[in-house]
Amino acid sequence: MQPHMLRYLPPLKMPTLSDPKTVDAVVMIDDVPAGVRCHTRDDLERRLLRKLDLRMSIILILYALNLIDRTNISNARLQGFEKDLHLHGEQYATTLSILSVGYITMQVPGNMILHWLERPSVILPCCMLVWGTISILSGTTTSYTGIVVARFFLGLAEAPFFPGVVFLVSKWYKRDEVALRIALVSSGIFLSAAFGSLLASGILHNMQDKLGQAAWRWLFYIEGGITISVAICAMFILPDFPYNTRWFTSEERELAISRLAEDGHDNADRLGKQTTMQGLRDAVSDWKVWFFAFATMFQILGQSFTGYFPTLCATLGYDATVTLLLCAPPWVFGGMIAFALTWYSDKKKKRYQCFMVSNTLCILAFIISISTMDKAARYISLFLMAQVISGYLLLFGWISNTFSREPAKRAIAIALMNALGQTGSVIGAYIWPSSWGPTYRYSYAICIAALGVSTGMFGGMYLYLKHLNEQIERNEQDANDINELRDPIGFRYLVWLKTDILILLTVPLIPTRSYLSGQS
């Protein structure tokens, strides 16, 4: 059989949500939305992305505060936190893991609410206001029970934030733009680890016994207060979704919707295409969601050292102030690696390969820490450990790409995978007991095994998605009628694409057989 020929159609009017009919076809890259006279398509698209990137950049600060309020307990541990609250045995590990229980509980409902109300500019900052308040209240606790309750509700309040951010980014950017954008807005991970350690160092060093309060209590008061202040500002800066963001012009809104349509998002994420409950059913019934979730659980277990990073740095033998200062450089290095890997991943469309490189470097770091107590070698290993977060960010870009077509399903899938994946945090809180220190060889060995399992599982998914792409391509070549195809023309799972393969772009237009056959 001769392969069917494909050809472009003349430029057509860009779709909007008010269009009465939607259909599939191929459009030219330089098609210009109706009403645009003075700007080419490329000029308008660059202006749109600059405007959007500038607004989205505040998420970097929001995410940094999210993690600072979540992990400040590890900094407080260096300045009398356990002694003042009379913690012993596994009680500190429980205060870490209980946050993950609340985090797991609220992630899926949080993204369902976000998809239903369609106002991330309000919902995400409101979550910040709540967790900032809880962070302040954490500083007033006087017992083990009090801090456990506070940490549980902190997890509930923080849960909708990260999956909500990933979903928001996926609603605005094309599939080959998502990984880098998620890395950029999520670089708050590195900012929080670096700046959070420096801030904690200053507070713990200078605020002891101020107004009769321990320095670690001031750490919760000050960082929670900063979160509340920034949350109020974020309400006026964050975007909503392409079809309901108020500060876009009509031309920018049409282009934002059209870009997603061209990239294979299901008819530009049309409003009303799929209800939240339908998305929940589709996500739960898709085995790929569960596979990603369990693989993510092993990945997060392998990254559990992040909750004990100051403790691991303290094994170098310095005092609390110097230890916190030494925590910052590894995370700065990790941020640089994250930008490089995600940029390369988007440019070359290689998700798994970059993820595997990141995990391999981290495993090498664990082996170094197991093998020696030399200060220089162990400090270098901390740099290699910190960069593993870049693989984690690539992972969520890949997940968003894999479930890109239905927005409701994508929202639930992202939340479900992250929620179930966080069970790795619950387990990971208990694999770093003080009795295994200062070498923590058994802890590192468990992390090596966990990262090995996750790398293997994601490798299996990578091969499976490549197989699906080949199957989709064969179906397109063999189809006599476009209506026989289950997927839009040109849709491919974004795993790896040769530069000489043409990936067609789709928008809603009327389907006819001539688009495949080349007949007029």
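Above this note sits the structure.
None of these values were measured; they are calculated from a predicted model.

1. Section: the overall build of the protein chain
Along its length, the protein chain carries 22 helices and zero strands. In the protein chain, which comprises 520 residues, the share counted as buried stands at 57%. Taking as baseline every contact in the protein chain between residues at least 6 positions apart, the subset at least 24 positions apart corresponds to 81%. Taken as a whole, the protein chain presents about 20,900 Å² of accessible surface, with 63% of it coming from carbon and sulfur.

2. Brief notes about the nonpolar core
Formed by 133 residues in total, the largest nonpolar core has its most connected members in F81, F305, W398 and W432. Here the element with the most residues in this core is helix α21 (residues 441-478); it accounts for 10 residues. The residues touching F81, leaving out its near neighbours within four places in the chain, are I73, A76, L87, Y92, I147, W216 and F220.

3. Thoughts on empty space enclosed by the protein
Tallied over the full model, the rule gives five cavities of 30 Å³ or more. What the largest cavity holds in volume is close to 780 Å³. Along the wall of the largest cavity there are 38 residues; nearest its centre are L67, R70, T71, T306 and G307. Secondary-structure elements contributing two or more residues to the lining of the largest cavity are α2 (58-76), α4 (91-117), α9 (188-206), α14 (309-314), α15 (320-348), α18 (388-402) and α20 (423-428). In terms of residue count, α2 provides more of the lining of the largest cavity than any other element does, nine residues in total. Here the residues of the lining of the largest cavity are counted per class, giving 19 nonpolar, 16 polar and three charged.

4. Side note on the pattern of salt bridges
On inspection of all chains with the given rule, the structure shows 10 salt bridges. The residue K174 makes a salt bridge to E45 at a minimum N-O spacing of 4.0 Å. Of this pair, K174 sits in the loop between α7 (161-170) and α8 (175-185) while E45 sits in helix α1 (residues 41-56); the two residues are 129 residues apart in sequence, bridging distant segments of the chain. Ionic pairing is found between K51 and E252, a salt bridge with its closest N-O pair at 3.2 Å. Linking K51 in helix α1 with E252 in helix α11 (residues 250-262), this pair joins segments that are 201 residues apart in sequence. In this structure E252 comes out as buried when scored by relative accessible area, which is 3%. Look at the salt bridges and you will find they share partners, linking E45, K174 and R259 into a network.

5. Some remarks on a nonpolar patch on the surface
On the surface, I113, W116 and L117 cluster together into a nonpolar patch covering about 330 Å² of accessible area. Take I113: its relative accessible area is 35%, and that puts it in the partly exposed class.

6. Quick notes on the packing of aromatic side chains
Per the counting criterion, the structure on display carries 29 aromatic pairs. Judged by centre distance (5.6 Å) and plane angle (80 degrees), the rings of W218 and Y221 are edge-to-face. Taken together, the positions of W218 and Y221, both in helix α10 (residues 215-234) and three residues apart, correspond to about one turn of that helix. Accessibility assignment for this pair places W218 and Y221 in one class, buried. A cation sits over an aromatic face here: R77 above Y92, 4.1 Å from the ring centre. Lying across the ring of Y318, K375 places its NZ or CZ 4.8 Å from the centre.

7. Some words on the environment of N206
Tracing the backbone shows N206 in helix α9. With 12 residues separating them along the chain, N206 and W218 place their C-alpha atoms 10.0 Å apart. A polar atom in the side chain of N206 sits 2.9 Å from the backbone oxygen of G202.

8. Description of the packing of α4 against helix α12 (residues 276-285)
Closest axis-to-axis distance for the α4/α12 pair is 10 Å, and the angle between their directions is 140 degrees. Between α4 and α12, the crossing angle belongs to the class labelled oblique. The handedness of the crossing between α4 and α12 is right-handed. Side by side, α4 and α12 meet where V108, M112, H115 and W116 of the first sit next to T276, M277 and L280 of the second. Looking at the contact of α4 with α12, its residues break down into five nonpolar, two polar and no charged.

Parameters and conventions
- Residues numbered from 1 in each chain as written.
- Predicted model: local features only at pLDDT ≥ 70, side-chain atom pairs only at ≥ 80, totals over all residues.
- Heavy atoms only, no water.
- Helix = DSSP H or I, 4+ residues; strand = E, 2+ residues; numbered from the N terminus.
- Buried < 20%, exposed > 50% of the residue type's maximum accessible area, 1.4 Å probe, protein only.
- Contact = heavy atoms within 4.5 Å.
- Areas by Shrake-Rupley, 256 points an atom, 1.4 Å probe, with all protein chains shown as cover.
- Core = buried A, V, L, I, M, F, W, Y, C linked by side-chain atoms within 4.5 Å.
- 1 Å grid on protein atoms, 1.4 Å probe; cavity = no way out; pocket = protein on both sides within 12 Å on 5 of 7 lines; lining within 4 Å.
- Points joined across faces, edges and corners; volume = space filled by probe spheres on them.
- Nonpolar A, V, L, I, M, F, W, Y, C, P; charged D, E, K, R; others polar.
- Salt bridge = Lys/Arg side-chain N within 4 Å of Asp/Glu carboxyl O.
- Patch = residues over 30% accessible without salt bridge, like charges linked within 9 Å, V, L, I, M, F, W, Y side chains within 5 Å.
- Phe/Tyr/Trp six-rings, centres within 6.5 Å; stacked < 30°, edge-to-face > 60°.
- Lys NZ or Arg CZ within 6 Å of the ring centre and 35° of its normal.
- Polar contact = N/O pair within 3.5 Å; in protein donor to acceptor, adjacent residues only side chain to side chain.
- Axes fitted to C-alpha atoms, helices over the stretch in contact; angles between N-to-C directions.
- Parallel < 35°, antiparallel > 145°, perpendicular 65-115°, else oblique.
- Left-handed = near helix turned anticlockwise from the far one by under 90°.

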